[in-house]
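Structural description and commentary
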Amino acid sequence: MKIWRGIRKTVLYLVLSMFLVSSVSVPLDSNARVRFFTRPYEFNYFTWTINAFIAKISETGLDAANHIPESIQLKVVTSYFDLSSELDSIEFDIQLIYADPSITDPDTIAADKIKKRGELQTMLDQMSPVVEKILENQVKTVLAEEGLDLGGQTIPPVLYHTTPLPKALIVSPREIIRQDANISLLADMSLEQITKLENDVESNLNVSALVVDIGGVGMYPSMVMRSSNLPWVIQTIAHEWTHNYLSLHPLGLNYETSNALRTMNETTAAIVGEEISKKVIARYYPKYSAVHQKVLAKTSSVQSEETFDFNAEMHITRVTADNLLKLGKVHEAETYMESRRLFFLQNGYLIRKINQAYFAFYGAYADSPQGAAGADPVGPAVRSLRANSSTLKDFLRQIAWMSSFDQLVSRTR
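Reading guide: rules and limits
- Residues numbered from 1 in each chain as written.
- Predicted model: local features only at pLDDT ≥ 70, side-chain atom pairs only at ≥ 80, totals over all residues.
- Heavy atoms only, no water.
- Salt bridge = Lys/Arg side-chain N within 4 Å of Asp/Glu carboxyl O.
- Helix = DSSP H or I, 4+ residues; strand = E, 2+ residues; numbered from the N terminus.
- Buried < 20%, exposed > 50% of the residue type's maximum accessible area, 1.4 Å probe, protein only.
- Core = buried A, V, L, I, M, F, W, Y, C linked by side-chain atoms within 4.5 Å.
- Contact = heavy atoms within 4.5 Å.
- Phe/Tyr/Trp six-rings, centres within 6.5 Å; stacked < 30°, edge-to-face > 60°.
- Axes fitted to C-alpha atoms, helices over the stretch in contact; angles between N-to-C directions.
- Parallel < 35°, antiparallel > 145°, perpendicular 65-115°, else oblique.
- Left-handed = near helix turned anticlockwise from the far one by under 90°.
- Nonpolar A, V, L, I, M, F, W, Y, C, P; charged D, E, K, R; others polar.
- Pairing = 2+ DSSP bridges.
- Polar contact = N/O pair within 3.5 Å; in protein donor to acceptor, adjacent residues only side chain to side chain.

Structural notes on the pattern of salt bridges
Counted by the stated rule, this structure contains 18 salt bridges. A salt bridge links Arg226 to Asp88, with the nearest nitrogen and oxygen atoms 2.9 Å apart. Highlighted residues: Arg226 in the loop between β6 (222-224) and α8 (230-246) and Asp88 in helix α4 (residues 70-99), separated in sequence by 138 residues. On the basis of relative accessibility, which here comes to 29%, the residue Asp88 falls in the partly exposed class. The shortest N-O distance in the salt bridge between Lys167 and Asp213 comes to 2.7 Å. Of the two residues, Lys167 sits in strand β2 (residues 167-173) while Asp213 sits in strand β4 (residues 207-213), which places them 46 residues apart along the sequence. The exposure class of Asp213 is exposed, given its relative accessible area of 56%.

Examining the environment of Ala269
As for its placement among the helices and strands, Ala269 is situated in helix α10 (residues 259-284). On a C-alpha basis, the gap between Ala269 and Glu240 in space is 7.1 Å, while along the polypeptide they are 29 residues apart.

A closer look at unusual backbone geometry
Between Ile155 and Pro156 the backbone carries a cis peptide bond, its omega angle lying at 0 degrees. Within the element layout of this structure, Pro156 appears in the loop between α6 (111-145) and β1 (160-162). The phi dihedral of Asn206 is positive, around 55 degrees, even though this residue is not glycine. Residue class for Asn206 comes out partly exposed when judged on its relative accessible area of 42%.

Some details on the nonpolar core
Leu135, Val139, Met264, Ile276, Tyr285, Ile399 and Leu408 are the most contacted members of the largest nonpolar core, which totals 50 residues. The set of elements that each furnish at least two residues to this core consists of α4, α6, α8, α10, α15 (378-387), α16 (392-400) and α17 (405-412). Every residue in contact with Ile276, bar those within four places of it in the chain, is listed here: Val139, Val142, Leu143, Glu146, Ala238 and Leu392. Listed in part, the 32 residues of the second largest apolar core include Ala321, Ile354, Phe359 and Ala360.

Points about the packing of aromatic side chains
In this description, a pair of aromatic rings is defined by centroid distance and the angle of the planes. By the definition in use, this model includes 15 aromatic pairs. For the ring pair Phe43 and Tyr45, a centre distance of 4.9 Å and an interplane angle of 70 degrees mean the geometry is edge-to-face. For Tyr45, a relative accessible area of 18% gives the class buried.

A word on the environment of Ile109
Among the structural elements, Ile109 can be located in helix α5 (residues 106-109). Separated by 12 residues in sequence, Ile109 and Ile97 place their C-alpha atoms 7.5 Å apart. Apart from residues no more than four positions distant in its own chain, Ile109 is found in contact with Ile97 and Ile103.

Description of the packing of helix α12 (residues 310-326) against helix α13 (residues 330-346)
Closest axis-to-axis distance for the α12/α13 pair is 8 Å, and the angle between their directions is 170 degrees. It follows that α12 is roughly antiparallel to α13 by the angle criterion. Crossing of α12 over α13 shows right-handed handedness. Of the residues in α13, those touching α12 at Phe310, Glu313, Met314, Ile316, Thr317, Thr320, Ala321, Leu324 and Leu325 are Val330, Glu332, Ala333, Tyr336, Met337, Arg340, Phe343 and Phe344. Taken together, the residues of the contact of α12 with α13 break down into 12 nonpolar, two polar and three charged.

Focus: the sheet that holds strand β5 (residues 216-217)
Strand order in the open sheet formed by three strands is β1-β6-β5, and the pairing between neighbours is mixed. With one partner strand each, in any of the chains shown, β1 and β5 form the two edges of the open sheet. Direction of pairing for β1 relative to β6: parallel, over a ladder of three bridges. By the bridge assignment for β6, His161 is matched with Met223.

Some points on the packing of α10 against α16
Where α10 contacts α16, the axes come no closer than 11 Å and their chain directions differ by 165 degrees. One way to sum up the angle between α10 and α16 is to call them roughly antiparallel. Along this stretch, α10 crosses α16, giving a crossing that reads as left-handed. The segment α10 lies against α16, with Met264, Thr268, Ile271, Val272, Glu275 and Ile276 engaging Leu392, Phe395, Leu396 and Ile399. For the contact of α10 with α16, the residue count by class is eight nonpolar, one polar and one charged.

Topic: the environment of Gln153
The topology assignment puts Gln153 in the loop between α6 and β1. Taking C-alpha positions, Gln153 is 8.8 Å from Thr141, a pair spaced 12 residues apart along the chain. Within the local environment of Gln153, its side chain forms a polar contact with the side chain of Thr154, the two groups lying 3.5 Å apart.

Structure, rendered in structure tokens:
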């Protein structure tokens, strides 16, 4: 019986993987010219998916997390994230050592920390399968409580794997902010390789290009990077599950049809991810939630005393750049965006590049009124639908069946 259940889950995983699409996938015809430059750096999703399936199937056979008392599960998860935080600190210390020009032998100075880093990484790798299963079950439980299940099981099942994330090359026309290509690249590309690739694509194709880091990908299993931020990890798990859920419906199937539909997808996933994360934290990690709320309150208090508002300033940047581009002033828009990048740097925000591709990517995440989306009407319409929906289930099931922005507008008038 256990063998049959394992086979059944394996078949389900394979069937779902055939039509669940990545949140960063793009049609080949849009990328043909760009891929001439990216082929040496492209990420191999097929190999990753096969390896992830093998790992998940082995976890299914063990199913250890389900036999651990809930109190112990919580301790395992918090211990994992404490170790992850320690690893982040160690890695930062190592970077400082190698960046310090006064240290003539960084290898020797950093040796103990490098050894400690390896030990921590090994511990995290060993704990990861159990932690993944625990968090999958917790997210599944809350999704079910929201009515997003069928007979106690979410469709598709919540499934994710902790992994280094690929980077993404975003390409936009220079004359308008619009994502025309999004190609997944190797996670370990150097800054020199990234800069050369961006320059090659821009100079040869007369476009705006930017390589960005991503936090999750809606493959199946979903790809989620290691982080010491528990609420963020839970939010990303739910975010990518939402992409997989939408991929079984018109909205997700039409992800690449237009930039408006992409923004509808990403904003929906962002809203669901945030709401589910808050409920998982409140239900399973109340002490963590209390501490987190204190940190947020303190941060909000400090921000209220400051004059610089990142999201508001980024909103201004996007709107101004859009207006300049509408007037055909491409060079002026690019000069302006670079001046704003320096302005952000002066205020403590290190952004490597702000250009049309920057806004084409980050502008799709329009779950808050301010930010990189600027005056794009799609985000406000999605937020309005959520505000007018009595439940998260009602919101998600309404928007999932939409295949155009016009349908959304008609629902929010």
